[in-house]
Amino acid sequence: MIAIGCDHAGFNVKQKIMEHLTEKGYEYKDYGTYDLCSCDYPDYALKVANAVAKHECEKGIIVCGTGIGVSIVANKVKGIRCAHCTDTFSAKACREHNDANIITFGDRISGIGVILDCVDLFLTTDFAGGRHSKRVDKIKQIEDENFK
């Protein structure tokens, strides 16, 4: 199950991502927003991040105007490794090297073609492990020390 959310600026892209996920056979849960009315991105980013952190969903996708704000919010939740991606190399690398569990996009930054390609790579790329495991373990240690 994939958690997906957005603010008003990311609503149209979120709709296209959900159509794409359906076409590819993925199950997802939509955490809002559900229209174009102005809203606060932290509310929806937190819903997605909590769903992933609590293992209600395996991975998450969040969209706002730039993808930056929602990425900052998601990374405030213990257990989340959220990557803001604007290209396919980063979308693949964030899974292979960082075991990212949430990806964010900016509707005002990237075109829908690139975003959908990034979604596909994010969802189909496995964590490489090996030397990268040590680094992800260090991230977890930092979380344990700083999230009380």
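Okay, so let's go over this structure. As the structure is a prediction and not an experimental result, all values here were calculated from the model.

**Digging into the packing of helix α4 (residues 88–96) against helix α5 (residues 112–124)**
- Contact geometry for α4 and α5: axes closest at 8 Å, N-to-C directions at 20°. When the interaxial angle is binned, α4 and α5 end up roughly parallel. Of the two elements, α4 crosses α5, and the hand of that crossing is right-handed. On the side of α4, the interface is formed by T88, A91, K92, C94 and R95, while α5 contributes D117, C118, L121 and F122.
- Looking at the contact of α4 with α5 residue by residue, the class counts come to 5 nonpolar, 1 polar and 3 charged.

**Topic: the sheet that holds strand β4 (residues 82–84)**
- Taken in spatial order, the 5 strands make up an open sheet running β2-β1-β3-β5-β4, and their pairing is parallel. Edge strands, defined here as strands with exactly one partner in the open sheet, are β2 (28–30) and β4. Between one strand axis and the next, the sheet turns through 20° on average, direction left out of account.
- Strand direction decides the pairing type here: strand β1 (residues 2–6) and strand β3 (residues 59–64), joined by 5 bridges, are parallel.

**Looking at the side chain of R81**
- In this structure, R81 sits in the loop between α3 (68–74) and β4.
- Here R81 falls in the buried class, since its relative accessible area comes to 13%.
- From its side chain, R81 meets the backbone oxygen of D99 in a polar contact 3.0 Å long.
- With residues up to four places along the chain from it excluded, the contact list for R81 reads N75, N98, D99, A100, N101, I102, V136, I139 and K140.

**Concerning the state of the cysteines**
- A complete count under the given rule lists 0 disulfides for this structure.
- Residue C82 stays outside any disulfide, its sulfur separated by 8.4 Å from that of C85, the closest cysteine.

**Points about the environment of D126**
- Inspection of the secondary structure assignment puts D126 in the loop between α5 and α6 (131–146).
- Excluding anything up to four places from it in sequence, D126 contacts R95 and E96.

**With respect to the side chain of D99**
- With respect to the helices and strands, the residue D99 is situated in the loop between α4 and β5 (102–106).
- Taking relative accessible area as the criterion, D99 reaches 19% and is therefore assigned buried.
- With residues up to four places along the chain from it excluded, the contact list for D99 reads R81, C94, F127 and V136.

Thresholds, definitions, all that
Residues numbered from 1 in each chain as written. Predicted model: local features only at pLDDT ≥ 70, side-chain atom pairs only at ≥ 80, totals over all residues. Heavy atoms only, no water. Axes fitted to C-alpha atoms, helices over the stretch in contact; angles between N-to-C directions. Helix = DSSP H or I, 4+ residues; strand = E, 2+ residues; numbered from the N terminus. Parallel < 35°, antiparallel > 145°, perpendicular 65-115°, else oblique. Left-handed = near helix turned anticlockwise from the far one by under 90°. Contact = heavy atoms within 4.5 Å. Nonpolar A, V, L, I, M, F, W, Y, C, P; charged D, E, K, R; others polar. Pairing = 2+ DSSP bridges. Buried < 20%, exposed > 50% of the residue type's maximum accessible area, 1.4 Å probe, protein only. Polar contact = N/O pair within 3.5 Å; in protein donor to acceptor, adjacent residues only side chain to side chain. Disulfide = S-S within 2.5 Å.

It is worth stressing that arrangement in space is one thing and function is another; only the former is reported here.
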